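Here is what each chain is made of, one letter per residue.
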There are 4 protein chains.
Amino acid sequence: MTAPATTDSYRIADMSLAEAGRHQLRLAEAEMPGLMALRAEYRGQRPLAGARIAGSLHMTVQTAVLIETLVDLGAQVRWASCNIFSTQDEAAAAVVVGPTGTPDEPAGVPVFAWKGETLDEYWWCAERIFDWSAEAAAAGADWTGPNLILDDGGDATLLVHNGVTFERAGAVPDAETAENEEHRIVLGLLRDSLAADPQRWSRVAAEIRGVTEETTTGVHRLHELCRAGELLFPAINVNDSVTKSKFDNKYGIRHSLPDGLNRATDVLIGGKVALVVGYGDVGKGAAEALAGQGARVIVTEVDPICALQAAMDGFQVATIEEVVGQVDIFVTCTGNKNVITVDHMRGMKHLAVVANVGHFDNEIDMAGLESLAGAESVLIKPQVHEWRLPTGRSILVLSEGRLMNLGNATGHPSFVMSNSFTNQVLAQLELYLRLDSYPVGVHVLPKHLDEKVARLHLDALGVRLTTLTPEQAAYIGVPVEGPFKGENYRY
Amino acid sequence: MTAPATTDSYRIADMSLAEAGRHQLRLAEAEMPGLMALRAEYRGQRPLAGARIAGSLHMTVQTAVLIETLVDLGAQVRWASCNIFSTQDEAAAAVVVGPTGTPDEPAGVPVFAWKGETLDEYWWCAERIFDWSAEAAAAGADWTGPNLILDDGGDATLLVHNGVTFERAGAVPDAETAENEEHRIVLGLLRDSLAADPQRWSRVAAEIRGVTEETTTGVHRLHELCRAGELLFPAINVNDSVTKSKFDNKYGIRHSLPDGLNRATDVLIGGKVALVVGYGDVGKGAAEALAGQGARVIVTEVDPICALQAAMDGFQVATIEEVVGQVDIFVTCTGNKNVITVDHMRGMKHLAVVANVGHFDNEIDMAGLESLAGAESVLIKPQVHEWRLPTGRSILVLSEGRLMNLGNATGHPSFVMSNSFTNQVLAQLELYLRLDSYPVGVHVLPKHLDEKVARLHLDALGVRLTTLTPEQAAYIGVPVEGPFKGENYRY
Amino acid sequence: MTAPATTDSYRIADMSLAEAGRHQLRLAEAEMPGLMALRAEYRGQRPLAGARIAGSLHMTVQTAVLIETLVDLGAQVRWASCNIFSTQDEAAAAVVVGPTGTPDEPAGVPVFAWKGETLDEYWWCAERIFDWSAEAAAAGADWTGPNLILDDGGDATLLVHNGVTFERAGAVPDAETAENEEHRIVLGLLRDSLAADPQRWSRVAAEIRGVTEETTTGVHRLHELCRAGELLFPAINVNDSVTKSKFDNKYGIRHSLPDGLNRATDVLIGGKVALVVGYGDVGKGAAEALAGQGARVIVTEVDPICALQAAMDGFQVATIEEVVGQVDIFVTCTGNKNVITVDHMRGMKHLAVVANVGHFDNEIDMAGLESLAGAESVLIKPQVHEWRLPTGRSILVLSEGRLMNLGNATGHPSFVMSNSFTNQVLAQLELYLRLDSYPVGVHVLPKHLDEKVARLHLDALGVRLTTLTPEQAAYIGVPVEGPFKGENYRY
Amino acid sequence: MTAPATTDSYRIADMSLAEAGRHQLRLAEAEMPGLMALRAEYRGQRPLAGARIAGSLHMTVQTAVLIETLVDLGAQVRWASCNIFSTQDEAAAAVVVGPTGTPDEPAGVPVFAWKGETLDEYWWCAERIFDWSAEAAAAGADWTGPNLILDDGGDATLLVHNGVTFERAGAVPDAETAENEEHRIVLGLLRDSLAADPQRWSRVAAEIRGVTEETTTGVHRLHELCRAGELLFPAINVNDSVTKSKFDNKYGIRHSLPDGLNRATDVLIGGKVALVVGYGDVGKGAAEALAGQGARVIVTEVDPICALQAAMDGFQVATIEEVVGQVDIFVTCTGNKNVITVDHMRGMKHLAVVANVGHFDNEIDMAGLESLAGAESVLIKPQVHEWRLPTGRSILVLSEGRLMNLGNATGHPSFVMSNSFTNQVLAQLELYLRLDSYPVGVHVLPKHLDEKVARLHLDALGVRLTTLTPEQAAYIGVPVEGPFKGENYRY
């Protein structure tokens, strides 16, 4: 593969882009009280001094505040995005240039990410965050790579684990065994790596203390590695902190789903029929947002408990087949695949909107749509395609089936991400400072840290917390300062 | 103590009361699809044959359907209420008489419960459910008591454990060591018992296979016993089934809180300021109900995560001291004590309504109020007292500070209780049929049974569930038929 | 007809009933700030001195506060209920006895109303409020009847107009021309009157300065009289004050509909399918209440504008025929007749609830149901009937098809009625003090009085109003103190 | 003034812009069923043949569908925008080029509008829509100007009336008498006109049959002209059609307010405190949208009825002074001036968002802000300014205080505008075909047309309307096919 040398953010950063990004960072900081509180708490202490963090997470303005928080706490950082579309170029530029640098003398963090990467470029970027040769040279150290990973979706972790596996096997599987185009690219990259340095990834893995993972999907992969006995280092599951899963998933989607729909289509949501596919936290946020705009929401579910919740919340629960012809807006929220099939698409109303806020683009059978004879795609505007179907009707597919809240809007807002990212920073601190508490395996953060994340976000909302009296605390058997709930409490 | 021989439901049941109750049972059965589905599933099999169940749970119409379900599955049952006010006499009468009996020849279940028991009577009733001498005689068996307990709040379990403790010690503590009047009564009852039969409770305990517990408070007590190494038999925590905690607590309160407020006061909820003390599941249901009626809801919280949830749901979060003078309706939802103090009451608006849907009557400092010099209580109507305070203002206290959704209304509606009680029946079945899976300790039901409870309630609401394809199930790593979520999933 | 001499409230008032009512009045006064503000405003002035008011309006606790407000302003009053079921006997007793009287020496107002009147008794009561002979004798005056009517539904107004018509004709139509049983009773009453005194109603009418009418139905009748040139005196349409129609109809129903459903059935509203028939103000309040409890609401409408509003508010709009088999709770809100037919009832689910909050009992075809072969009614409890249909299914009919928020609950709460009744008092004052402004015809209150009603209710809710600057008032062309809107503003 | 000859849409239209606009028109047509239904109803009839319409209304995609509907019905049209920022250039280009034309041979409608006009340019554009010399020449006619005006805000109507006034006076007031910069420009334009042709506007006015006006503000001006006896031709008040005021104002704002906030700031709405200034239809829509996103909404009001509605809808009602320091998002919805003063701004939180969806930019005292010593404006991105105040805090002002739903988003969505614009087309048809029914004065559309507008939008939402039986229609005294409500019904 050819390294797209001239297009990586690290080099293209220009000052006007960086300045625009810096403005946005300043505004975002005001909406990210958790991260700013950690900077204040550790002012002058640099608890992450010596940490070398490889980050793979959507390179947005909010992530920029996260990165600069990690740096403020003493860490060295290299970064890539975890999605080919989600980079905000001005944020990347601002991080590269840094608060005090210039494009010629960047004083920030190397970022390998730009909006609209090809898959080849994407994996090239992913590989770059593991090459710490420049930092090693500058420090006179013999580092191969990072000592911590901060991951979203597990691609960075996957690269290391696959690299080690193939190095142990001494070979990379043939390209024709690849499950899909992306897999073929990863195999190619690792084949080149194996040829160049047959122990590179093994050395990388040996230096890594652990990974903190952002998403359901990434955590799922970690659990699979763990069950298979193949997990190479401890992992902290940030996704299942309450202040992540219940906030990012629910309140983030509540905000960013209608935002994406509006920017993409300008179609009135009120009065329309919306189908929310899946009533987990994401689906709950989606349904609340759509109902709050006056849509009539119908839910599909496979889990009887979630289905009963949807009914008790006042929503019709149906199968997609029963209602497909009445629905104006389809929103997938499952993390599963093919929940909207080509057959479903053929049954939809003319100009029905099809949007995914679940996880991968295979929630909607985009591959099936692309191979459907007689179907034709017309670009209406960036990330909005009209697919003309052989039925004579069209549907509007947002962000090519990928996460539309990132592709058609700007992702979750800063305040939500401040919750998620404060968990990330606390998790990085745990792995760096208290690694003994985290043997190889998949862990969640202890509840007192989860509560700390929440606590750091209350003032900004004008929330006044009540304090238990010692008698009350004793009565319910908790410390006055918390934690207040058992591990299984569901919030 | 004097046994209130002439007033127990078992004997007073008259036919008109029983017939009225039978009508209500028939309507309630239509709203309790989970219990009716279990009757259908086990038709003719009597899986609980041989089970002797001592039940202590509010003796309402819904509980009557539960009792008759247990009987339909083959169990023998004796019953008391777990609250002095919550019995619906017609339900008790119907259960005693049974579907086919008459007051003279009752064909139902012995019930020791009536609306408005004294504390003396309450504990007399509680003791009665452990006396299986009549059943033993009829069966030619040598049973002392039940082999299963179905408990709500833990009073039945407490009685057995205290009895055993005192029998082991050979003495009951002096009355003057009692924490309060109720404790004094319990000590007296056990002192009489010890005198009459120094091994009675030890024999009772030995026969008991386990207990299924309905409430947070009861589960809290069980965990304390377990931690102290004093738990005598396995316990299943029904309270923390999702289909109990998230349904009974949230949706039940959403229904029964405004119902109780309306029946008690007829005061318009819309436009009023309501303070919801505690934003757990009960508080969430309370806030939704009040907001749904157009009240302006303010929340107090001690837990920063729940506080942040309240803020994200659009509610002001304040301390009670900040807002006490603006609030029209106070609702306690904490399970803690003294969350409304006498000082708070002195600061309230004239005719502010004070209501508890949390747990014990000490959520509101009723003891403090009763001893407040110059305070005077006027009965407005049953379970509604105007307390004239020395400030010159009055407040309206519902159900004397006890659970007002039971005292001022009829508790949770049948459909909600069907979820909770289907969990109870499944838990009784587990302890009776699969005791090996439940060593001494506190357990929750396995997730597949939790999902089963939900599944049994979908048809009645017209919910149509989607079925995973085998490919989809494999993709997310679950069986096609579930369970669908990990143990820590929060719903 | 036989005068039910021993059962009218005027005579049966006993002290315990009156005392219970007096307690409730005291609480209601705290919830009726508009009426209490008028008492304060006119303290010592008695602006209604000389007014003789015949009132026909549900004899509830709230009406008692209205009556005592009229008395406080100097009026003499006689009262009947406008519904055979809606009287709260303790309220009637308290009004009769008066704040300072005893049953033997009543110091209050003659009230002719009790819960559960027959139709014969109802019209006997209605006639009694026009007989002011006792008051005339006491005053040494030659009054025949009242000089003002305060009406709800128009029955009192109808009686006068029919009386005059028949006196002018010199005859009352034959009983066999009666449209129904009730009409037959009215004709009988007027036939007796004509025989006894052929000019009675003409003299009554001549003394009447005007009527203030509470309801849509009554106003509709007034407009018909006016269009036909038969209206005998000015009428003020209180129903169409914004602070009546938008408050009583919408917010009152939002409160009292779920209250009535709960008291009648204890059925969980959450998760159920509810059909709201008609999306006017009443239907809007009903839909909001049901949705606020987690029901899935479907609306039927004939008016395309209201139908579009329902859709924009997120509700499915369907015909009853499309959805009848899925609905758990039917609520009629139309003011029309036969909106639920016997055919609809035959298609309903088993134990579907059928409730009317519109107007007359003919919204539901109760007559058709009663004559349906094979249908059988079983009384479950007062005002709740199970109708067993020949289909083998049953339905639950509330309040025999009459207004269930009155029959199964206690009607609108005091705060809502304070808005309506403050309009009534202002309207009575207008007719008594500024009759010149109101020629024979149907009038609404001037907007400044409508705004005054609202203004008198703000403090109790903690509302702080903003005041226009003179520049702002000039800019939008209104006085600083209002009125603020044009006559056609829709709120 | 200098005509900005090279920048008017009529001339700059290029094909790629026009094609992008044409795509958007096609999608918008699917969301504007009312306009498309009128095209279908009048297919082949050209009822507006001979009509010459001068339009002044935001030149958006939706307006493009309106314009092409007018053309489809036979009218000739010239168009300007009524706001310097609101033009969507691609929509203007598409209308100019027309469905069948090219930039070189445009086959559409002359449009004088582009995004970001200066005030000079704005009034130059406004004047151009009255110059029909080219059309007259092509038709061999002696027209001076249009025979119909379609207006939004009244600027086009104002120009004609001012022109006539000054021509009658024979002079234009001195520039120094101008109230502000914009007034000075209008006076200059009319001074030039008077010099060039002293009877031009009098001839224009004589040809005009009437105007249809879109907004509250424009209607207010028309009523002032009418009261002053200066109105020159009939006016139809489209704003007060129910399907305009209750839809555009409420449901349009519900959609476009959060859209604008999100595009402008990406700030999380959930959990924030939002102040809605004014609780008319616009404020009601704003409050619903913000609450639906989880904000805590506080309302300010001057009208006690609207204030009481806000309270009954569950919102705190306060004065701005009481809460200014707690509010994160300010939204003005009043149509009044200076509802947010510089003093208020000085008291706001750091980075509070200030947004106007009321009417003119003087709702917020922008003039005062601009002249505040020490205040500095920083452009964050187009239409988003950070104002750094001398307090050391900043506020974010959207769209320079003008309508942010237009400036920061794309205005109301097509479906809402379809309601408003269907009213406009029906009003133009009324003035053109049934002018006799509309003497000089300000009229609303008859209710049957209002209901027709609603009816044309039901199918697209899947709404199924119920039809009255003849007996039901007779019972409530309306025709089976409507209209169903009296003129004063408030919906």
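Residues numbered from 1 in each chain as written. Chains lettered and ligands numbered in written order. Predicted model: local features only at pLDDT ≥ 70, side-chain atom pairs only at ≥ 80, totals over all residues. Heavy atoms only, no water.

What to know about the packing of helix α3 (residues 33-41) of chain A against helix α4 (residues 61-72) of chain A
Residue and element names in this part refer to chain A. It is the contact of α3 with α4, at a shortest axis distance of 10 Å, that shows an interaxial angle of 10°. Here α4 runs roughly parallel to α3, going by the angle between their axes. Here Leu35, Met36 and Arg39 of α3 come into contact with α4, specifically with Val65, Leu66, Glu68, Thr69 and Asp72. Across the contact of α3 with α4, the residue classes break down as four nonpolar, one polar and three charged. (Axes fitted to C-alpha atoms, helices over the stretch in contact; angles between N-to-C directions. Helix = DSSP H or I, 4+ residues; strand = E, 2+ residues; numbered from the N terminus. Parallel < 35°, antiparallel > 145°, perpendicular 65-115°, else oblique. Contact = heavy atoms within 4.5 Å. Nonpolar A, V, L, I, M, F, W, Y, C, P; charged D, E, K, R; others polar.)

Some details on the interface of chain B and chain A
Opposite the 62 residues of chain B that make contact, chain A presents 62 residues. Buried area between chain B and chain A, summed over both chains or domains, comes out near 5700 Å², and the portion from carbon and sulfur atoms is 59%. Linking chain B with chain A are four salt bridges. Between Arg464 of chain B and Glu322 of chain A there is a salt bridge whose closest N-O contact spans 3.1 Å. For the pair chain B and chain A, the number of links is 26 residue pairs in polar contact (both at pLDDT 80 or more). Broken down by secondary-structure element, the contributors of at least two residues to the side of chain B that touches chain A are α12 (242-265), α13 (281-292), α14 (304-312), α20 (447-455) and α21 (470-476) of chain B. Here the element with the most residues in the side of chain B that touches chain A is α14 of chain B; it accounts for eight residues. (Buried area = accessible area lost by both parts, 1.4 Å probe. Salt bridge = Lys/Arg side-chain N within 4 Å of Asp/Glu carboxyl O. Polar contact = N/O pair within 3.5 Å; in protein donor to acceptor, adjacent residues only side chain to side chain.)

Brief notes about the pairing of strand β7 (residues 273-277) of chain B
When a strand is regular, its side chains alternate between the sheet's two faces. Residues and elements named next belong to chain B. Taken across its five residues, β7 has five buried, putting it largely inside the fold. Residues Val273, Leu275 and Val277 of β7 are buried on one face, and the alternating residues Ala274 and Val276, pointing to the opposite face, are buried as well. Across five bridges, β7 lies against strand β8 (residues 296-300) in parallel orientation. Note that in β8 the partner of Val277 across the bridge is Thr300. On the question of chirality, the crossover connecting β7 to the parallel β8 by way of α13 is right-handed. Direction of pairing for β7 relative to strand β10 (residues 329-332): parallel, over a ladder of four bridges. Residue pairing across strands places Val276 opposite Val331, the latter belonging to β10. (Buried < 20%, exposed > 50% of the residue type's maximum accessible area, 1.4 Å probe, protein only. Pairing = 2+ DSSP bridges. Right-handed = clockwise from strand over helix to strand, strands pointing away.)

Points about the relation of the copies chain D and chain B
The operation relating chain D to chain B is a screw motion whose rotation component is 180°, with 0.0 Å of axial translation and a residual RMSD of 0.0 Å. Each copy turns onto its partner about a two-fold axis. Same-surface contact between copies: 100% of interface residues of chain D are shared with the interface of chain B. (Least-squares fit on C-alpha atoms with pLDDT ≥ 70 in both.)

Here we look at the relation of the copies chain B and chain A
Taken as rigid bodies, chain B and chain A are interconverted by a rotation of 180° and an axial shift of 0.0 Å, the fit giving an RMSD of 0.0 Å. Residue by residue, 100% of the interface of chain B is reproduced at the interface of chain A, so both copies engage with the same surface.

A short note on the UniProt feature "domain: S-adenosyl-L-homocysteine hydrolase NAD binding" (unreviewed entry) in chain A
The UniProt feature table records "domain: S-adenosyl-L-homocysteine hydrolase NAD binding" (unreviewed entry) at residues 249-411 of chain A. Structurally, residues 249-411 of chain A comprises 34% helix and 23% strand, and the distance from its first C-alpha atom to its last is 11 Å. (UniProt positions renumbered as here; feature names shortened; annotations may be inferred.)

Focus: helix α9 (residues 181-196) of chain C
Since there are 3.6 residues in each turn of an α-helix, residues three or four apart along the chain are aligned in direction. Residue and element names in this part refer to chain C. Taking 1.5 Å as the rise per residue, α9 with 16 residues should run 22 Å; its terminal C-alpha atoms sit 23 Å apart, in good agreement. In the core, the buried residues of α9 are packed alongside α6 (119-128), α8 (155-169) and α10 (200-207). The distance from a side-chain oxygen at the start of α9 to the backbone nitrogen of Glu182 is 3.2 Å, and the residue carrying that oxygen is Asn180. (Expected span 1.5 Å × (residues − 1).)

Details of the packing of aromatic side chains
Residue and element names in this part refer to chain C. Tallied over the full model, the rule gives 24 aromatic pairs over all chains. Where Phe112 meets Trp124, the ring centres are 6.0 Å apart and the plane angle is 75°; that geometry is what we call edge-to-face. Linking Phe112 in strand β3 (residues 111-112) with Trp124 in helix α6, this pair joins segments that are twelve residues apart in sequence. When sorted by exposure, Phe112 lands in the same class as Trp124, which is buried. Where Phe247 meets Tyr251, the ring centres are 5.3 Å apart and the plane angle is 55°; that geometry is what we call tilted. Taken as a pair, Phe247 and Tyr251 lie in helix α12 (residues 242-265) at a separation of four residues, close to a single helical turn. Phe247 sits in the buried class, given a relative accessible area of 1%. In this structure Tyr251 comes out as buried when scored by relative accessible area, which is 2%. (Phe/Tyr/Trp six-rings, centres within 6.5 Å; stacked < 30°, edge-to-face > 60°.)

What about the interface of chain D and chain B?
With twelve residues of chain D at the interface, the matching set in chain B holds twelve residues. Around 790 Å² of area is buried between chain D and chain B when both sides are counted, 61% of it from carbon and sulfur atoms. Taken as a group, Arg296, Met312 and Gly314 of chain D account for 51% of the area that chain D buries against chain B, more than any other trio of residues on that side. For the interface between chain D and chain B, the tally reads zero salt bridges. Inspection of the chain D/chain B interface yields two residue pairs in polar contact (both at pLDDT 80 or more). The residue makeup of the side of chain D that touches chain B, split by class, is five nonpolar, five polar and two charged.

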